[in-house]
Each structure stands twice: as C-alpha cells, then as structure tokens.
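# Inside the fold
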Amino acid sequence: MRAMNAKMINEWKNWLLVYKFALDEVNTKLEILNEEFQFIHNYNPIEHMKSRLKSPESIISKLHRKGLEVSLENARDHIHDIAGIRIICSFTTDIYKIIDLLSRQSDVQVLKVKDYIKEPKPNGYRSAHLLILIPVFLTDRVEQVPVEIQIRTVAMDFWASLEHKIYYKFDSEVPRSITDQLKNSAELIDLLDKRMLAINEEVSEYKKDEPEPSPFRF
C-alpha cells in the first residue's frame, strides 16, 4: 500500500471530522432515549455503547480490497461503516425497542436493516445491523452522514468478541473443530438469551402486583 504523506493524512483527517460529528449526534440521541426510558419506565434498554471511527489507513486498505481507486469520493460513496456505534443490551427485546425508537426520529433515515438474530450468519453470528443517515449541521451546509449501528445482547457480544480473537489468531484459517464449537456455542448463547428474557418477563409480571411506592418519602 502506498504510504500516506503528512499532507494527505491531514486532508483525510479533516474530511473525517464530519463523521466524528455524526457519531456525536447519534450518541447524544441514544443517551437521551436511554435516560428518558429510565425516567418513564425505570429501566435502561442500553447497557453500554462504544463508538468507532475508521482511520485513514483502514479506509484506504478497504478501498484496495474492493479494487477501488483511493480517493475521498470513493471512500464516501463505497464505504458505509466509517462511523460505527456498537450498542449492548441485556435482552433481545431491547434490541428491537432501540431500532423502533431510532427509526421514529424525524431526522433519522434508516437505509438498511440486517437482522442476524432472526437469520444468523452461517458461523452462528447474531446481531442487528442498521445503516442510518444523520444530518450534521456545519457552518456553511448540512451533510447527511452514514453511521453503522450494531446492536447485540451481552451474550452475543461476548461470542462475537471471542470469534474475532480466534480468527485474528489463526489469520482466518480456523480449524474445523473450533468453528464447529463456535457455532454450537452460538446456539447455546441464543438459548441462554431466550431463557433470561423469559425469567425477566416473569419477574415483570410479579412486579405488576406490587403496590406503587408513595411519592412522599422522608
């Protein structure tokens, strides 16, 4: 890969600022939704979030893999995961709740939804992926910026993290015995997610019968 000179690095970093602003916008939206949900329902659908902005080197490497000329225009038009957010939830129902809440925001345009929970990847991977457009208001213009959002349960995230480490260690050539174990583990994790959700729903039914606490406590 051709090395980037200082001028080129600065040019790409300046261009990436708008993606950083888009991440800030989406993070703020998610934090507000989570806090409001806590206030109304006394419950947080989001356990934690992590944002990621691709580096210029990573973007250029991906352009090469796609067989595309290295340019800002090609990066903007062909790479849609430059800005990414991973949301971790306790239960699968939280995942669909967040998708619904985000989709109903008037300034959020949902471009694509990939539901790998209902239809897992062949290796067992489960998660929900969204590609959205978010407006970023700059001094002289408004830019619609794509942001990729991945939403998983804690258990799904644990599996995905382990799978990533294994593929990195084996340089993608993972022995069949290990891939079989990974897929089997993914099915066990799916069963665990469903069981934990059922327990949570049963607990919620018990809570319905509890008297409301007095608003005045001294």
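Residues numbered from 1 in each chain as written. Predicted model: local features only at pLDDT ≥ 70, side-chain atom pairs only at ≥ 80, totals over all residues. Heavy atoms only, no water.

### Thoughts on the overall build of the chain
Going by this rule: By definition, any uninterrupted DSSP run of H or I lasting at least four residues is a helix, any uninterrupted run of E lasting at least two residues is a strand, and each is numbered from the N terminus. Partly exposed describes any residue whose relative accessible area lies between the buried limit of under 20% and the exposed limit of over 50%, with all areas from a 1.4 Å probe on protein chains only and scaled to the type maximum. We score Asp and Glu as negative and Lys and Arg as positive, and we do not count His or the chain ends. Charge coordinates come from a single atom per side chain, which is NZ of Lys, CZ of Arg, CG of Asp or CD of Glu.
A tally of helices and strands in the chain yields six helices and five strands. Written out in order from the N terminus, the α and β elements of the chain read α-β-α-α-β-α-β-β-β-α-α. Overall, the C-alpha framework of the chain stretches about 65 × 55 × 30 Å when taken along its three principal axes. Sorting the 218 residues of the chain into buried and exposed places 39% on the buried side. Charge separation in the chain, taken as the distance between the mean sites of 31 positive and 34 negative side-chain charges, equals 5 Å.

### Observations regarding unusual backbone geometry
Not every positive phi belongs to a glycine, and Asn-42 is a case in point at roughly 55°. Its place among the elements puts Asn-42 in the loop between helix H1 (6–41) and strand E1 (48–53).

### Examining the sheet that holds strand E3 (residues 109–115)
Going by this rule: If DSSP finds at least two bridges between two strands, the strands pair. Lines fitted to C-alpha atoms define the axes, with helix axes restricted to the stretch in contact, and inter-axis angles between N-to-C directions lie between 0 and 180 degrees. The contact definition used throughout considers only heavy atoms, calling two residues in contact when any of these lie within 4.5 Å.
The sheet built from five strands is open, its strands ordered E1-E2-E5-E4-E3 with mixed pairing. Single-partner strands in this sheet number two, and they are E1 and E3. Strand-to-strand twist of the sheet, defined as the mean angle between neighbouring strand axes without regard to direction, takes the value 25°. When strand E2 (residues 83–89) meets strand E5 (residues 142–153), the two strands line up parallel, connected through six bridges. Of the residues in E5, the one forming a bridge with Gly-84 is Glu-148. The strands touched by helix H5 (residues 154–169) are E2 and E5; relative to E5, the strand with the most contacts, the crossing angle is about 95°.

### Section: the side chain of Ser-71
Inspection of the secondary structure puts Ser-71 in the loop between helix H2 (56–65) and helix H3 (72–78). A relative accessible area of 15% means that Ser-71 is categorised as buried. Leaving out residues up to four positions away in the same chain, Ser-71 has contacts with Trp-12 and Leu-63.

### Comments concerning H1
Heads up, the rule is: To estimate how far a helix should reach, multiply one less than its number of residues by 1.5 Å. Think of it this way: the bend at a residue is just the angle between two axes, each fitted to seven residues, one set ending at that residue and the other starting at it.
For H1, built from 36 residues, the straight-helix expectation of 52 Å at 1.5 Å per residue is met to within 8% by its first-to-last C-alpha distance of 51 Å. At Leu-17, H1 is deflected by roughly 30°, the largest bend along its length. A positive phi of about 55° marks Asn-42, the residue just after H1.

### Considerations on the nonpolar core
Quick note on the threshold: What we call a nonpolar core is a set of buried Ala, Val, Leu, Ile, Met, Phe, Trp, Tyr and Cys residues that are connected through their side-chain atoms within 4.5 Å.
Within the largest apolar cluster, 38 residues are counted, with the highest numbers of intra-cluster contacts made by Trp-12, Trp-15, Ile-59, Ile-87, Val-147, Ile-149 and Ile-151. Only H1, H2, H3, E2, helix H4 (92–103), strand E4 (128–137) and E5 provide two or more residues apiece to this core. A per-element tally of this core places H1 first, with 10 residues. Each residue touching Ile-59, except ones within four places of it in the same chain, is listed here: Trp-12, Trp-15, Leu-16, Lys-54, Ala-75, Ile-79 and Ile-82. Residues Tyr-116, Ala-160, Ala-186 and Ile-189 belong to the second largest nonpolar core, which totals 10 residues.

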